[in-house]
Amino acid sequence: MKREIDEELRFHVEQRKADNIAAGMSKEEAEREARKRFGNWQSLREDCREVRGIAWLDNLFQDFSFGFRILLKQPGSLLAALAALTLGIGLVTIMFCAINTLMLRSLPLPDPERLISTTVPAWALPEFRKQQTTFEGLVSFGDFHANFRSTGTPSRREACFISANFLDVLRAKPLLGRNFLPGEDASGAEAVAILSYKLWQEEFQGDRAVLGSTVWVEGSPKTVVGVMPVEFRFPINDDLWVAADVTQGIANRDTGFVFGRLKPDVTLAGARAELNTIWTRLQPPRRNDERPVEQIRVGAYVDALTGALYGKNTIGSAILGMLLITLFVLFLACANVAMLTLGRAIKRGREFAIRGALGATRRRLVFQLLAENLVLFSGGAVGGTLAAGFLLHWLLSRMPSDTTHWRLYASWWHFEIDGQVLFLVACLIFLTNLLAGLWPALQATKRDVNELLKGETLLSSHLGTAGFQRLLVISQVSAALVILVGAFALIRQRQHLNDVHLPFDPKTMLTVNVDLTGVADVGRFFEELDRDLNQTPGVEAAALASDGFAFWHGVRPIEIEGRSYPREEDHPLAPARVVTPDFFRTVNLGLLQGRSFGAGDRFGSEPVAVVNATFARQFFPQVNPVGRRFREGTNGPWFTVVGCVPDVLSYGTNRREPVYYLPLSQHPSTTMEVLLRGRGRPPSVWSKTVDAAVARLHPDLPTFEASTVQQELDGVDAGITANSLLLGACGTASLFLAAVGVFGLITLSVNQRTNEIGVRLALGSTKARVVMSILKQALPQIGIGLATGLLLSLALVRILGSVLPATASEPVVYVGVLFLLGGVSLGAVLIPAVRGARVEPMRALRYE
Amino acid sequence: MTTSKAELLQGTLDLLILKTLRAGPMHGYAVAQRIQQCSDDVLVVEEGSLYPALYRMEERGWISAEWGKSENNRRARFYSLTRTGRKQLEQEVAIWERVQRAITLVLETA
């Protein structure tokens, strides 16, 4: 295109030259005259190109390279802008990635959106199966950890007790062997199991002859009839599927979870209606004052897994909250870039004025600035994506591994930055480029050419940007404040979690779990284990407890002797722990009153209990709790209190809870934690001792979740870990961005006042007074920004309410943020102010 | 001489170009020469206005262009009038004559 125009114009010149020569001029004169007639060759070419229309592509390219070169000339502002954009875009990319994975991806099964989960209880399943017509099949399952043994060492696996037709409903096919046959899940039928790919590889080394072999699940033998393909880990991360009659409410486990596949032409609402009709028919009529039975709820299967079906969409809201925050950070970044663009545009005001006078359209100039910005944003995008990749990798590596209590980490979650995420990022860049670039570009290319040509730099009054700049400062400070409040709140929460007041050193206390489900004669096993371990040389103390220090297994309603409770709800709730006599010695809980459990507290003798200080204070105020009695529920046996111990604070609760301890001998349990304190060797070595002791007593029993108590506590809430890491990153980014932003803006306004400052200095004002005057203008903006941010945070806390951690309302968080942000902003204002006052009066005056 | 550089409004330049091209296809230089000659050297078309005008009219579809060989065997771009251009020319002529009559009236009455 360019070439064609050139060729045509050159032809014209040649013709004119020829004519001139024919009219008698010399060759040089002819050429000169010919060219002169064209006037400004460059601008003519440009105008022609512009008129031809297809020129826009050329223009774009030209703008790009020009913009690139211009940016390189101002490396300081370029780096600042790039850093800002990398941070903003990077963080938002991570959030897109998270949303993509957690909320938009679906199960790796055919037609997953037809899989619906319900809140139908498992015991009602046979009735529902008989009467329902809207589902292709209803399935129930119970999911838990089970002891597993095949040919190798026993291990602990995630197992799923499930109805026989579940594979049909899921439309999944086994890799080897077959699905369960109908009827194989009835109680009394032959026990069959299907293995996962991973289990097959680990236990059988992928031997294809696995079908027909026997495996032991919780002590009972099952025949292997199939192996699933590698990506099948239903429901989340399971290794084993056993056909079972789920309606029996598998002892001690949660009752099953019912879901099914909707028939092709059925709607969700139709299914819900039918299920509720059946449900009402099944219920006996309720008396008036009883709570109404909950309606059956239905929803997408994935919703049930994330808790959405039960109304607590915790993952969803947490993610959306984080997205909001990262968008705030991006806003900060854009504000920064807008300011930088404005600064650049102002410095080049003369250039734009001249180009305008020469005929460049305003649109062209605006495009030019936007194209330069696009270069910047593309750079930021590349940087941001890379940064996001790194940050993601780092975040995932910091998350606790998936094996423990936390089962929210589904196997089909693959956090990766793929095409969809990148596409979203590209759109984002486009939008934010417009946002950050358009306004400054429009302002800088306003038409008052004469005014602009008079001065080398534009005064802000000519641009009318003073208000905009003030707004930028205020909004940057407020946005940063909101983000920092969030970050500080989470950090504080993490602090609380670590604020564990344990009377022993958690880093040297070993904890190992043992589960005896399916083993006969439990009582003696644990007693013997207890004795064995305590007699092992090197062991300072060992004990067994029903709970670790990271989780309570629920509270029970209790009744204090001598008090009356008019309604059921009036019963106080307290958590219980079943322990061996050495427990208090092992965890260094000295007795405050009375005694610990002893040999005399056997099964069948008087039921006893030990309570903690809060229990005594709450339920037996002012008196010695020893000798008092209480019981569980409304008709259990009365426990006599024999001792009182101090409180143990753990799991970040700084609330003091009443706790009571029961002896293992009187309350046989199937799952216990071993707590062991040993001398001379690290806990990892002691865990082998425990394994050996367990194996000596019962060779088929696996131990699991061996760790130090510290590790147990650390692994507790990976959700908080992820959030706090990410928010920490956002908080740091926003602090940096706000500081840079304020710094830049104040520098800009100081630059614009250079000649004023010069005049004042020349007239005798001192540097200090100049600094004061700058501060007088800038500090109120900071102040307003802080105040606005504070109000905004408080409002958000009020609105979002329970979703946020309790620490969000702690005053120390706000005080800390105000100090930090206030201090940083002050610095960001002082430095340019002092620098601005140092200008030489003569130089400043020359700017006239 | 100031008269030889009479300022041509953009609209009138279009009119003149269209009229010139009615005679047949010619390249840009030839169009400028023709206008100058036909107007007795009064109207001199600036190169800076000629080509943008030509491209504009080409975009609008009033004229079309083709590369061809000039009289001295050089490559040149030849413009010719399209049907739309012909209609446009008639319209422009009508407008011009009305304006001309109006101006004459004003000059005679004052």
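Once a new chain begins, its residue numbering starts again from 1 and follows that chain's sequence as written. Here every chain gets a letter starting at A, and every ligand a number starting at 1, in the order they are written. Local features are withheld for residues below a pLDDT of 70 in this predicted model, meaning they are given only at 70 or higher, and side-chain atom pairs are given and counted only at 80 or more; totals for whole chains, interfaces and linings count all residues.

A. Structural view of the overall build of chain A. The secondary structure content of chain A amounts to 27 helices and 21 strands. Between the buried cut of 20 or more and the exposed cut of 12 or fewer other C-beta atoms within 10 Å of a residue's own C-beta lies the partly exposed class, and all C-beta atoms are placed from the backbone. In chain A, buried positions account for 39% of the 848 residues. Once C-beta atoms are placed from the backbone, any two residues with those atoms within 7 Å are in contact. A sequence separation of at least 24 residues applies to 82% of the contacts in chain A between residues at least 6 apart. Counting from the N terminus, the helices are DSSP H or I runs at least four residues long and the strands are E runs at least two residues long.

B. View of the overall build of chain B. In terms of helices and strands, chain B carries 4 helices and 3 strands. Listed by position from the N terminus, the elements making up chain B come as α-β-α-α-β-β-α. A separation of at least 24 residues holds for 53% of the contacts in chain B among residues at least 6 apart in sequence.

C. Fine view of the pairing of strand S2 (residues 135-149) of chain A. Residues and elements named next belong to chain A. In terms of burial, S2 is largely enclosed, as 11 of its 15 residues are buried. Strand pairing is assigned whenever DSSP identifies at least 2 bridges connecting the two strands. Sheet topology places S2 next to strand S3 (residues 155-162); 8 bridges connect them, and they run antiparallel. Bridge pairing in S3 links Asn-147 to Arg-156. Following S2, the chain reverses through 5 residues before pairing antiparallel with S3. Here S2 pairs with strand S6 (residues 214-217) via 2 bridges, running antiparallel. Each bridged residue has a counterpart across the sheet, and for Phe-148 the counterpart in S6 is Val-217.

D. Examining helix H2 (residues 28-38) of chain B more closely. Within H2 of chain B, burial applies to Gly-28, Tyr-29, Ala-30, Val-31, Ala-32 and Ile-35 of chain B. Downstream of H2 of chain B by a residue or two, Asp-40 of chain B has a phi angle that is positive, lying close to 60°.

E. Layout of the sheet that holds strand S2 (residues 63-69) of chain B. Residues and elements named next belong to chain B. Spatially, the 3 strands line up as an open sheet ordered S1-S3-S2, and their pairing is antiparallel. Every other strand in the sheet has two partners, leaving strand S1 (26-27) and S2 as the edge strands with one partner each. The pairing of S2 with strand S3 (residues 75-81) spans 7 bridges and is classified as antiparallel. Looking at S3, one finds that Ile-63 is bridged to Leu-81.

F. Representation of the packing of helix H1 (residues 2-22) of chain A against helix H2 (residues 27-38) of chain A within the structure. Residue and element names in this part refer to chain A. Following both chains from N to C, one finds H1 and H2 inclined at 135°, their axes separated by 8 Å at the closest point. Classified by the interaxial angle, the pair formed by H1 and H2 is oblique. The two elements H1 and H2 cross, and the hand of that crossing is right-handed. Between H1 and H2, the residues in contact are Val-13, Arg-16, Lys-17, Asn-20 and Ile-21 and Lys-27, Ala-30, Glu-31, Glu-33, Ala-34, Arg-35 and Arg-37, respectively. The nonpolar class holds Ala, Val, Leu, Ile, Met, Phe, Trp, Tyr, Cys and Pro. Asp, Glu, Lys and Arg form the charged class, and all remaining residues, Gly among them, are polar. Within the contact of H1 with H2, the residues separate by chemical class into 4 nonpolar, 1 polar and 7 charged. Note on geometry: axes are C-alpha line fits, over the in-contact stretch for helices, and angles between N-to-C directions span 0 to 180 degrees. In what follows, roughly perpendicular refers to angles from 65 to 115 degrees, roughly parallel to angles under 35, roughly antiparallel to angles over 145, and oblique to any angle outside these ranges. A clockwise turn of the near helix away from the far one marks a right-handed crossing, whereas an anticlockwise turn of less than a right angle marks a left-handed crossing.

G. A look at the interface of chain A and chain B. Listed per partner, the contact involves 16 residues of chain A and 13 residues of chain B. Among the secondary structure elements, those contributing two or more residues to the side of chain A that touches chain B are H1, H2 and helix H3 (41-52) of chain A. A total of 7 residues in the side of chain A that touches chain B trace back to one element, the largest contributor, which is H1 of chain A. Residues that form the side of chain A that touches chain B fall into these classes: 6 nonpolar, 4 polar and 6 charged.

H. Expanded view of the pairing of strand S14 (residues 573-579) of chain A. All names here are of chain A. Summarising the sheet, strand S13 (residues 555-560) and S14 pair through 3 bridges and their orientation is antiparallel. Its bridge partner being in S14, Arg-556 is matched across the sheet by Ala-574. Sheet topology note: the S14/strand S19 (residues 660-663) ladder contains 4 bridges and is parallel. In the sheet register, Val-578 faces S19, and the bridge partner there is Leu-662.

I. The arrangement of the environment of Ala-345 of chain A in detail. Residues and elements named next belong to chain A. Relative to the helices and strands, Ala-345 is located in helix H11 (residues 314-347). The class of Ala-345 is buried, set by 24 C-beta atoms lying within 10 Å. Sequence-wise, Ala-345 and Ala-441 are 96 residues apart; in three dimensions their C-alpha atoms are separated by 7.1 Å.

J. Focus on helix H24 (residues 754-762) of chain A. All names here are of chain A. Along H24, the positions that sit buried rather than exposed are Ile-757, Gly-758 and Leu-761. An end-on view of H24 places all buried positions within 100° of arc, on one side of the element. Among the residues trailing H24, Gly-764 stands out with phi positive, at a value near 110°. What the arc covers is the set of directions going from the helix axis to the C-beta atoms.

As far as function goes, none of this settles anything; it's purely spatial.
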